[in-house]
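# Structural overview for review
Read off the chains here:
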Amino acid sequence: FDISFQTYPETYSRLKGFFWRWLARQSVRTAKRIICCSTYIKKEILLNYGLKQEEKVLTTFLGVERKFRPNSNESSRKLLASKFNITNPFFLFVGTLFRRRNIQLMVQSFKKFSHYHSNALLVIIGSSTAEFGHEVDQLKNLLQEYALKDKVIHFDYLPEEDLLAFFQSAICFVYPSTYEGFGLPVAEAMACGTPVIIPNTPTLVEVADGAAYVVDCLTQDNLCSAMISVFE
């Protein structure tokens, strides 16, 4: 899916990172074929492991389950209202809280956005890895520091039915990740008819294929401006 253990070693413990890098080198050397899920990751594999035979690496994109589609009868919004008491318009993020996904920047950008539209919410669904569990703690501290506990709702995990309702009801899906192997939540949001904001990350731009709002330079002001543009 990606070679983040090679390009973002800080997201792995020293032992696990060493193991994955060693395993990848051995696998690349002995495999008859390597299947990856984006053209960008194919280029990364060729570059990082010195492969000369480009035809050895095949690209096959990930697919989206059929349940990810627009909800035309408003049942998803009713579910969120009855089960979570969410009736305000909201931005959505879904994914593991890795540092490279810039959760802190997204929250800071949303705080700026709130000065223009105070009725909107930000919903974050996802937890951090066992090795780097401090990302959730940092998020909680940030929400307390910015007094955003009533504006930003965080779930560690949700059942698929509830998760789908959030995808279908969000006014926009925000995915400020600077590195992805594919970025499946982006495709899932678009399949639900939900607008998407992404940074100018090669894989995400490849997956969105012109159908997302792309933030060229990922800063608080630029991400906030993108959120305002989509919201309005």
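Structure's up top.
Residues numbered from 1 in each chain as written. Predicted model: local features only at pLDDT ≥ 70, side-chain atom pairs only at ≥ 80, totals over all residues. Heavy atoms only, no water.

### Topic: the layout of surface pockets
Roughly 430 Å³ of volume is contained in the largest pocket. For the largest pocket, the lining is made up of 19 residues, of which Phe-1, Asp-2, Ile-3, Phe-5 and Ala-24 are closest to its centre. Among the elements of the structure, helix 1 (4-7), helix 2 (14-30), strand 1 (34-36) and helix 3 (39-48) are those that each provide at least two residues to the lining of the largest pocket. Looking at the lining of the largest pocket element by element, the count peaks at five residues for helix 2. For the lining of the largest pocket, the class distribution of residues is 15 nonpolar, two polar and two charged. (1 Å grid on protein atoms, 1.4 Å probe; cavity = no way out; pocket = protein on both sides within 12 Å on 5 of 7 lines; lining within 4 Å. Points joined across faces, edges and corners; volume = space filled by probe spheres on them. Helix = DSSP H or I, 4+ residues; strand = E, 2+ residues; numbered from the N terminus. Nonpolar A, V, L, I, M, F, W, Y, C, P; charged D, E, K, R; others polar.)

### Overview of the packing of aromatic side chains
The tally for this structure, following the rule as stated, stands at 18 aromatic pairs. The interplanar angle of 45° and the centroid separation of 5.2 Å between the aromatic rings of Tyr-8 and Tyr-179 together place this pair among those described as tilted. Residue Tyr-8 is located in the loop between helix 1 and helix 2, and its partner Tyr-179 is located in the loop between strand 6 (172-174) and helix 8 (184-191); the two are separated by 171 residues in the primary sequence. An angle of 55° between the planes, with centres 6.3 Å apart, marks the rings of Phe-61 and Phe-182 as tilted. (Phe/Tyr/Trp six-rings, centres within 6.5 Å; stacked < 30°, edge-to-face > 60°.)

### Observations concerning the pattern of salt bridges
The tally for this structure, following the rule as stated, stands at six salt bridges. Between Asp-162 and Lys-83 there is a salt bridge, with the nearest N and O atoms lying 2.8 Å from each other. Of this pair, Asp-162 sits in helix 7 (residues 160-169) while Lys-83 is found in helix 4 (residues 75-84), placing the two residues 79 residues apart along the sequence. Taking the relative accessible area as the measure of exposure, Asp-162 reaches 3% and is therefore buried. We classify Lys-83 as exposed; its relative accessible area is 51%. When the shortest N-O distance is used, the salt bridge between Glu-180 and Arg-101 registers 2.7 Å. Of this pair, Glu-180 sits in the loop between strand 6 and helix 8 while Arg-101 sits in the loop between strand 3 (90-94) and helix 5 (103-114); the two residues are 79 residues apart in sequence, bridging distant segments of the chain. (Salt bridge = Lys/Arg side-chain N within 4 Å of Asp/Glu carboxyl O. Buried < 20%, exposed > 50% of the residue type's maximum accessible area, 1.4 Å probe, protein only.)

### Quick notes on the nonpolar core
Counting 54 residues, the largest nonpolar core has Leu-92, Ile-124 and Phe-166 as its most contacted members. With residues up to four places along the chain from it excluded, the contact list for Phe-166 reads Leu-80, Phe-84, Ile-86, Phe-90, Leu-92, Val-123, Ile-125, Phe-155 and Leu-158. Core analysis: the next-biggest nonpolar cluster, separate from the first, contains 14 residues, Phe-5, Val-28, Ile-34 and Tyr-49 among them. (Core = buried A, V, L, I, M, F, W, Y, C linked by side-chain atoms within 4.5 Å. Contact = heavy atoms within 4.5 Å.)

### Remarks on the sheet that holds strand 6
Taken together, six strands build an open sheet; the order of strands is 5-4-3-6-7-8 and the sheet is parallel. What marks the edges here is a single partner per strand, and that holds for strand 5 (152-155) and strand 8 (213-215). Between one strand axis and the next, the sheet turns by 25° as a mean value, whatever way the strands run. As paired elements, strand 7 (residues 196-199) and strand 8 share three bridges and run parallel to each other. Looking across to strand 8, one finds that Ile-197 is bridged to Tyr-213. In the packing of helix 8 onto the sheet, contacts are made with strand 3, strand 6 and strand 7, and the angle to strand 7 comes to roughly 155°. (Pairing = 2+ DSSP bridges. Axes fitted to C-alpha atoms, helices over the stretch in contact; angles between N-to-C directions.)

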